[in-house]
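Residue strings, one per chain:
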Amino acid sequence: MMKRLLKSAFSFESGHLSEMILSVSGVFIAMIAVVLMMDWLSNGIYAWFVIASMGASAIILFSTPHAPMAQPWAVIVGQMLAGVCGLASWSLFSNPMVAVPIAVASTLLFMLIFKARHAPGGATALFIALGTVEVETLGWSLLWLSLLPSLLTLVAMAVILNAPFKWRHYPYVVFKKTQSEPEKTPEITHEDLAYASEQMQGYFEMSEAEFMQLYRAARQHHKTTRPGV
């Protein structure tokens, strides 16, 4: 059993291996660009926690470029909301025991309101709310001197580095095909969906069970709205 598990865990198809190489290379190059940008703008004041948060964002952008959490709106707006919430909490509450939970919770609240959910923003809000030396020195200018330039650099690198590979569209845009008459689609089996889920692991964070649940919901909606098709 253990041998089978190890073989399954460490055996890669050629397509998966190429995706791994592209993702890792993208993160490496993007982080070099972010560090250089930070060095150019910092004037000796390095907000390293911002770079740490960018590292988490980079992994999401390059390992799952089609995921909703990786899209530019979620990355930029989500992280900026985290910065604002972190700075506001730091300004209003001197005790980190109060500032940190309020910063992270309010970050999630505004992310949900603005539909900009991006998990690494939680780390950004937490570190800023702690009130480090960099936060005390830069204050609110941290948003446009460190955070925003880093985000724009990261997203720009994701666009540039994914552009040569047509299957890694970034940002991910779905073009709805308009048809004059509804087209009858063939029946899709569980095996078809399992195969599709496996092929899309590098793009979407969704298990096979979740993929099947999505399919069943879509099929039920199709039957309800177009019963004759």
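Numbers given for residues are sequential positions, taken from 1 along each chain in its written order. Confidence filtering applies because this is a predicted model: local features only for residues at pLDDT of at least 70, side-chain atom pairs given and counted only at 80 or more, and all residues used for totals across whole chains, interfaces and linings. Water and hydrogen atoms play no part in the side-chain values, which are based on all heavy atoms of the structure.

**Thoughts on the overall build of the protein chain**
In step 1: Helix and strand labels come from DSSP, where a helix needs a run of H or I of at least four residues and a strand needs a run of E of at least two; each type is numbered from the N terminus. Along its length, the protein chain carries ten helices and zero strands.
In step 2: Listed N to C, the secondary structure of the protein chain is α-α-α-α-α-α-α-α-α-α in terms of helices and strands.
In step 3: Across the protein chain, the fraction of contacts at a sequence separation of at least 24, relative to all contacts at a separation of at least 6, is 74%.
In step 4: Methods summary: accessible areas were calculated by the Shrake-Rupley approach with a probe of 1.4 Å, and residue burial reflects only the protein chains presented. Carbon and sulfur atoms form 69% of the exposed surface of the protein chain, whose accessible area is close to 14200 Å². Contact definition: two residues touch when any of their heavy atoms are within 4.5 Å.

**Considering the side chain of Thr124**
In step 1: When you line up the elements, Thr124 lands in helix H6 (residues 120-129).
In step 2: When residues no more than four places from it in sequence are discounted, the contact partners of Thr124 are Ser53, Gln79, Ala82, Gly83 and Leu147.

**Quick look at the environment of Gln79**
In step 1: Position of Gln79 relative to the elements: it lies in helix H4 (residues 72-92).
In step 2: Leave out the neighbours within four places in its chain, and Gln79 touches Ser53, Met54, Ser57, Ala74, His118, Pro120, Gly121, Thr124, Leu147 and Leu151.
In step 3: A polar atom in the side chain of Gln79 sits 2.6 Å from the side chain of Thr124. Each polar contact in these results corresponds to two N or O atoms within 3.5 Å; when the atoms are within protein, one needs to be able to donate a hydrogen and the other to accept it, and residues that are neighboring in sequence are counted only if both atoms are side-chain atoms.

**Some words on the environment of Tyr170**
In step 1: Along the chain, Tyr170 turns up in the loop between helix H8 (142-162) and helix H9 (190-199).
In step 2: Here the alpha-carbon distance between Tyr170 and Ala158, two residues twelve residues apart in the chain, equals 7.0 Å.
In step 3: What Tyr170 contacts, discounting residues up to four positions off in sequence, is Leu61, Pro65, Ala70, Gln71, Pro72, Val75, Val155, Ala158, Val159 and Asn162.
In step 4: In terms of polar contacts, Tyr170 uses its side chain to reach the backbone carbonyl oxygen of Ala70, at 2.6 Å.

**A few points about the side chain of Ser57**
In step 1: Tracing the backbone shows Ser57 in helix H3 (residues 48-63).
In step 2: Residues within four places of Ser57 in sequence aside, it is in contact with Gln79, His118, Pro120 and Leu154.

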